[in-house]
Amino acid sequence: MGAASSREELEISDSDSDENYEDVEEEHEKEEEIEQKKSSSTSSGIKKPIDEIDEKLKALKLKYSSSSNKKAYSKNSVKLYLHIGGNTPNSKWITSEKLTTYSFVKSYDEDDDEEEGIWVLKIGSKIKAKVGTELQLKPFGDQCRVDFVSDGVWAVKFFDNESFRSFLSEFHDCLFENVYGFEATEENKVKVYGKDFMGWAKPEVADDSAWENAEDSLPSNSYVSDRSNQDLMEEFEEEANAGGGGIQSLALGALDNSFLVNNSGIQVVKNYSRGIHGKGVYVKFDSGGGNSSSRIESSSSGYLTPKKALLMRAETNMLLMSPNTEGKPHATGLHQLDIETGKIVTGWKFDKDGVDITMRDITNDSKGSQLDPSESTFLGLDDNRLCRWDMRDRKGMVQNVANANTPVLHWSEGHQFSRGTNFQCFATTGDGSIVVGSIDGKIRLYSTTSMRQAKTAFPGLGSPITHVDVTFDGKWILGTTDTYLILICTLFTGKDGKTKTGFEGRMGNKIPAPRLLKLLPLHSHSAGADNKFHGGQFSWVTENGKQERHLVATVGKFSVIWNFQQVKNSAHSCYHNQEGLKSCYCYKIVPKDESIIDSRFMHDKYAVTDSPEAPLVVATPMKVSSISMSGGSRKR
C-alpha cells in the first residue's frame, strides 16, 4: 500500500536555467576569438592600445551582459527537457535540446474538405501535439517553465518571463479555438460563456467572495491536512470473487452491507469502521430460475451484465441496469433484486405513453433516500430525458410484480427535451434537487419543483462531463472530465440579501469562477494507459450540518484524494502565482497494480474518533481495498 504527495515532482533548478545562456555565450566567445586571430594574422606590426581596449570591452559586454544576448534570440527560443525513470528512485530530468524553438501551427486533415484546422504545438524536432487539455500543461511561474505530457513527460524552460507569459497566452487562445471552433476574441468569449460567466474566461474579474464566505462558514473542527505531517494510509485488501470477469461496479451501503457486482453475480461484504470485508456470501445470476439459495433467480430471459447497481428501500432492494449494447450505457429496462431473499423479483421496462424508451443512468431521489424503507421512486436520465420513475401503479398501490405479465415503470414526472441537451450523468442533493452534466461541458441545476427548466446552467469549459456529484447541502458541485475535475460553488446573494444556492434561484452575474483539480504531468503519465479521470465524488454524508471532507477520483491505476477545505482555501499555496482559473495540485495518491473500477468513501457513520474520515474503498477487477485516511491500527 502506498501514498504519494503531489509535491514529490522533480524540479529543474534555477542554476540549470542559466546553463543554456552560458553555452551560447561560450560559443559567441569562441567565434570572437577566431575573428581576433584572423585579424591579428593579417595585420602587420603591434596593435594600438586603443584597439586592444576596444576588443576587451566588446568581450566583456558579450560575457557579462546576458540581457543583450537574450534579445538576440527569438522570443520562441526555449530549452527542452525530458523526464526519464518514471517514479523510480533513479528518475531525473535530462536535457533533450539545449536550444530550440516552439511554434503554434494549424494542422489540416487531408481527408477533411473543411478549411478549419486544429492548432498544434511544435517544439523543435521532438514535439508535435494537438493543443488540448490532454497535454496536462502545468506552468511554474517562478521558474519560467511549463511541464506537459506527450508520449512522455516534458519540460520547457523560457529565457525570460515575457516569453513565458507570451507562450501561455498563445496556448490558451489556441486551446479556446480548438475547443469551440472560433478565435479567442472578447466577443466570442461572451458568446461561449455569456455575460454572467465572464469570470470563467477571465478569473481576475470574477467575484470570489462566495469562496471566502464558504471558508468562514466551515465548522471550527474541520479537518485540514498538512503535507508536512500526513500519515501514510492504512490498507486492508482482499481478493474479490473472480467470477464473471471481475468486479463491474461497487454499491456501498450505509447500513450493514455493501456489494461487489460482476457479470455473473453479487458478492456481499460486511461494513465495518475499518472498511468492508467479505462474508463469504456470493449469489449468482440465474436466467433459468433454479431453486438454489446461492443463485439469483431472474424472471426475465437473457443473461445479466449489470453496469449500474442502485440500492433502495432501506438497502433491502437493488436495481440492476444492463446496457443493451456493449460499450454503450443505454438500457430499455432494469432488474429488481430482493437482497433478503437473493432473488430477482422482476424485470421492469422503461415505457412512456406505450412506447419503449431507453435510459443511460438512474439514481436515488435524494442523497439519503436509499435508507427510506418505503422508497418506491427513483430518477432516470437519457440523452434528452430527465424523469422520475414509480414502481407503484397509477392508483398508488404497489404492483404485484409476481403476477404482472409485463411490469412497466410509471413515468410520474419529467421532461423530454426537443433540442440536443446530450445529458451524460446526474446526481441529487439532500433535498432532492438535481444536477445534470452534459457532453458539451454544461452543468444544469434543477430544483425540486421542476424538471423542465434549469434554475442555473453553467457553461462548463468545453470538455464533456462524464460524472457529476453534489454535496448534501447543494452548495458545491464536482464535475469529472477526462483530464481534470471542476469544482463549482453554487452560492450567491439574492436580491433580498439572503445567501442561496443555484438550485433555488437564478444566480445572475454573481457567479464565482470555478476551481480545477488536476494531476501533475508526471503523475498523469504514470497512471497508466487509461489515464482519464472518472467517478469524481465527495465523501458521503446524509445529515444536515455535516460537511464533506474529501474529494476522490480514479485515473488509471491511481485513486486520487483532495482535501476539500484545502481546495476551497483561497490562500492555499497551489494558487500562488497562478494565472487563469485556480488549479489545485495537492493530493494523495493510492496506487494499484491494475486499473481501478471505482473509488468511494464509505458513509460518514463509519468514521471513528481517531480518523477525520470514513474509510475509502477502492475496487479493481480482482481485489477490493479499504483505506484509512490516517495511520495507526483500529479495531473493528
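Just so you know, these numbers come straight off a predicted model, no measurement behind them.

Within the protein chain, the regular secondary structure consists of 10 helices and 42 strands. Counting the 636 residues in the protein chain, one finds 52% classified as buried. Residue pairs at least 24 apart in sequence account for 57% of intrachain contacts in the protein chain once pairs closer than 6 positions are excluded. Of the roughly 29,600 Å² of accessible surface on the protein chain, a fraction of 45% belongs to carbon and sulfur atoms.

Along the chain, Thr501 turns up in strand S33 (residues 499-501). The residues touching Thr501, leaving out its near neighbours within four places in the chain, are Asp473, Gly474, Lys475, Thr490, Leu491 and Phe492.

Okay, helix H6 (residues 186-193) next. In an α-helix there are 3.6 residues to a turn, and that puts residues three or four apart on one side. Those residues of H6 that sit buried are Asn188, Lys189, Val192 and Tyr193. Projected down its long axis, H6 carries its buried residues within an arc of 120°, all on one side. More than 90 degrees from the buried face of H6, the exposed residues found are Glu187 and Lys191. In this structure, the buried side of H6 is in contact with helix H5 (161-180) and helix H7 (198-201).

The next point concerns the packing of aromatic side chains. Applying the stated criterion across every chain, the model contains 21 aromatic pairs. The interplanar angle of 25° and the centroid separation of 6.3 Å between the aromatic rings of Phe167 and Phe171 together place this pair among those described as stacked. With Phe167 and Phe171 both in helix H5, this residue pair falls 4 residues apart, about one helical turn. Phe167 gets classed as buried once you look at its relative accessible area, which sits at 2%. A cation over a ring is seen here: Lys352 above Trp411, with NZ or CZ 5.0 Å from the ring centre. Over the aromatic face of Phe564 sits the side chain of Lys568, whose NZ or CZ is 3.9 Å from the ring centroid.

Bringing the sheet that holds strand S23 (residues 385-390) into the picture now. Judged by pairing direction, the sheet is antiparallel, and its 4 strands sit side by side in the order S21-S22-S23-S24 without closing on themselves. Edge positions in the sheet fall to strand S21 (361-363) and strand S24 (410-416), since each of these pairs with one other strand and no more. Each adjacent strand pair in this sheet contributes to an overall mean axis angle of 20°, direction not counted. The sheet contact formed by S21 and strand S22 (residues 377-382) spans 3 bridges and is antiparallel. When the bridges of S22 are listed, Thr363 appears paired with Leu379.

Grouped together as the largest cluster of nonpolar side chains are 29 residues, with contacts concentrated most on Leu487, Leu551, Trp562 and Val567. When residues of this core are traced back to their parent elements, those giving at least two are helix H8 (209-217), strand S30 (476-480), strand S31 (485-489), strand S35 (533-538), strand S36 (550-555), strand S37 (558-563) and helix H10 (564-568). Setting aside chain neighbours within four positions, we find Leu487 in contact with Trp211, Trp476, Ile477, Leu478, Pro514, Arg515, Leu517, Phe538, Phe564 and Val567. Listed in part, the 26 residues of the second largest apolar core include Phe197, Ile465, Phe503 and Leu516.

Now for the pattern of salt bridges. According to the stated counting rule, one finds 18 salt bridges in the structure shown. Between Lys349 and Asp356 there is a salt bridge whose closest N-O contact spans 3.7 Å. Relative accessible area serves as the criterion here: at 32%, Lys349 is assigned to the partly exposed category. Overlapping salt bridges bring together Glu237, Lys592 and Lys623 as one network.

Take H5 next. The end-to-end C-alpha distance of H5, which contains 20 residues, comes to 29 Å, matching closely the 28 Å that a straight helix rising 1.5 Å per residue would cover. Ser163, Phe164, Phe167, Leu168, Phe171, Cys174, Leu175, Phe176, Glu177 and Asn178 are the residues of H5 that are buried. Gly181 lies just past H5 and shows a positive phi near 90°.

Looking now at unusual backbone geometry. If you check the backbone angles, Gln136 has positive phi at about 50° while not being a glycine. Examined against the element boundaries, Gln136 turns out to sit in the loop between strand S5 (127-130) and strand S6 (138-140). Taking the relative accessible area as the measure of exposure, Gln136 reaches 7% and is therefore buried. Positive phi, normally seen in glycine, also occurs at Glu315, with a value near 60°. With respect to the helices and strands, Glu315 occurs in the loop between strand S15 (308-312) and strand S16 (317-321).

Within the secondary structure, Cys387 sits in strand S23. The exposure class of Cys387 is buried, given its relative accessible area of 0%. Cys387 sits 29 residues away from Gln416 along the chain, and the two C-alpha atoms are 8.3 Å apart. Every residue in contact with Cys387, bar those within four places of it in the chain, is listed here: Met359, Phe378, Leu379, Gly380, Trp411, Glu413, Gly414 and Met451.

Each value, and the rule that gives it
Residues numbered from 1 in each chain as written. Predicted model: local features only at pLDDT ≥ 70, side-chain atom pairs only at ≥ 80, totals over all residues. Heavy atoms only, no water. Helix = DSSP H or I, 4+ residues; strand = E, 2+ residues; numbered from the N terminus. Buried < 20%, exposed > 50% of the residue type's maximum accessible area, 1.4 Å probe, protein only. Contact = heavy atoms within 4.5 Å. Areas by Shrake-Rupley, 256 points an atom, 1.4 Å probe, with all protein chains shown as cover. Arc of directions from axis to C-beta. Phe/Tyr/Trp six-rings, centres within 6.5 Å; stacked < 30°, edge-to-face > 60°. Lys NZ or Arg CZ within 6 Å of the ring centre and 35° of its normal. Pairing = 2+ DSSP bridges. Axes fitted to C-alpha atoms, helices over the stretch in contact; angles between N-to-C directions. Core = buried A, V, L, I, M, F, W, Y, C linked by side-chain atoms within 4.5 Å. Salt bridge = Lys/Arg side-chain N within 4 Å of Asp/Glu carboxyl O. Expected span 1.5 Å × (residues − 1).

Nothing here speaks to function; it is all geometry.
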